[in-house]
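Descriptive structure summary
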Amino acid sequence: MRIPFLAGNWKMHNTVCEALNLVQDLIISTNDVKDREVVVCPTFTALQAVSKLIEGTHIRLGAQNMYCAEKGAFTGEISPPMLKELCCRYVILGHSERRNVFGEDDELINKKIKMALDWGLHPILCVGESLKQREAGETKDWVKGQVEKDLHQLTPSEIEKMVIAYEPIWAIGTGKTDTAQGANDTIGMVRNLIADNSSYEVAQKVRILYGGSVKPGNVDGFMAQKEIDGALVGGAALKADSFARIVKYEEI
Ligand code: PGA
């Protein structure tokens, strides 16, 4: 049984003060939620304050990125032990904005995943196709290639600790979404791939999310799909009421 996973990726939004207000509201508005994992991924600058605020609550903490070294001359970067110190449980890796705006490739993402796991962090690996690839009918091949490269040489017990988010790039921040059935198919393909390359048991444990313009109005449809275990939410996670509604998706 996979516990549904609802995560807010705040991207480069919210000062510390705004972050605390948002999380305070979320703690209250999602207090009654049972058997669902609720995760917020603030900016680095807000991690410490949010970490303190959520102590002892049901909300869990994730970071949006990290570098694959313990320490050293890497100006502007943040290491896994720095995230562990702030009680982060998760770290988003390979988001399409990291890949496309900051030029991260699969080799680097694979290194980051290994390093995160070595330090006891659970990566939330993002994969997804561009509009051009979508229109050329290359979605599944592309996503398969990304997953294979990003999980290269990971052991089954490492893969088991991962969360994967399928996020079509053309759906991120655009208000367009994949269909629930389409997302379910691609996610099912990823699960089968893990079963083939790792083991059936591991594939049954890994949570695989959909991301890309998830909103209160469409979350129920995605969550009704068999293979979709949760959502990675950007814009709609920046308001407590809309993220709370997403967390409280209705089983239909
Ligand atoms: P969005 O972003 O919900 O604003 O489309 C999702 C993401 O980038 O993770």
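Residues numbered from 1 in each chain as written. Predicted model: local features only at pLDDT ≥ 70, side-chain atom pairs only at ≥ 80, totals over all residues. Heavy atoms only, no water.

A separate point is the pattern of salt bridges. Enumeration over the complete set of coordinates arrives at 20 salt bridges. Between R99 and D106 there is a salt bridge whose closest N-O contact spans 2.7 Å. No difference in accessibility class separates R99 from D106, as the two residues are buried. Residue E227 is joined to K226 by a salt bridge in which the shortest nitrogen-to-oxygen separation is 3.7 Å. For K226, a relative accessible area of 67% puts it in the exposed group. When salt bridges that share partners are traced, they join R2, R191, K226, E227 and D229 into one network. (Salt bridge = Lys/Arg side-chain N within 4 Å of Asp/Glu carboxyl O. Buried < 20%, exposed > 50% of the residue type's maximum accessible area, 1.4 Å probe, protein only.)

Turning to the side chain of R36, a few remarks are in order. Checked against the element boundaries, R36 lands in the loop between helix 1 (16-29) and strand 2 (37-41). For R36, the side chain forms a polar contact with the main-chain oxygen of Y249, separated by 2.9 Å. Reaching out from R36, the side chain makes a polar contact with the side chain of E251 at a distance of 3.4 Å. Excluding residues that lie within four positions of it along the chain, R36 makes contacts with I3, P4, L6, V247, K248, Y249 and E251. (Helix = DSSP H or I, 4+ residues; strand = E, 2+ residues; numbered from the N terminus. Polar contact = N/O pair within 3.5 Å; in protein donor to acceptor, adjacent residues only side chain to side chain. Contact = heavy atoms within 4.5 Å.)

In terms of burial, strand 3 (residues 59-63) is largely enclosed, as 4 of its 5 residues are buried. Pairing of strand 2 with strand 3, which is carried by 3 bridges, proceeds in the parallel orientation. Note on strand 3: the bridge partner recorded for V40 is L61. Bridge count between strand 3 and strand 4 (residues 90-93): 2 bridges; the pairing is parallel. Each bridged residue has a counterpart across the sheet, and for G62 the counterpart in strand 4 is Y90. (Pairing = 2+ DSSP bridges.)

To continue, consider the site of the ligand. Taken together, 13 residues surround the ligand, and among them K11, H95, E167, G173 and S213 come closest. Within the side chain of K11, an N or O atom sits 2.7 Å from an oxygen atom of the ligand. Relative to its unbound accessible area of 290 Å², the ligand is 97% covered by the protein chains. Here the shell around the ligand is composed, by residue class, of 4 nonpolar, 7 polar and 2 charged. (Near = heavy atom within 4 Å. Areas by Shrake-Rupley, 256 points an atom, 1.4 Å probe, with all protein chains shown as cover. Nonpolar A, V, L, I, M, F, W, Y, C, P; charged D, E, K, R; others polar.)

What follows deals with the sheet that holds strand 1 (residues 5-9). Taken in spatial order, the 8 strands of this closed barrel run 1-2-3-4-5-6-7-8, and their pairing is parallel. With direction set aside, neighbouring strand axes in the sheet form an average angle of 25°. Pairing between strand 7 (residues 207-211) and strand 8 (residues 230-233): 2 bridges, direction parallel. By the bridge assignment, Y210 is partnered in strand 8 with A231. Sheet contacts for helix 2 (residues 44-54): strand 2 and strand 3; angle to strand 3, the most-contacted strand, approximately 165°. Packed on one face of the sheet, helix 5 (residues 106-118) meets strand 4 and strand 5 (122-127) and runs near 160° to strand 5. (Axes fitted to C-alpha atoms, helices over the stretch in contact; angles between N-to-C directions.)

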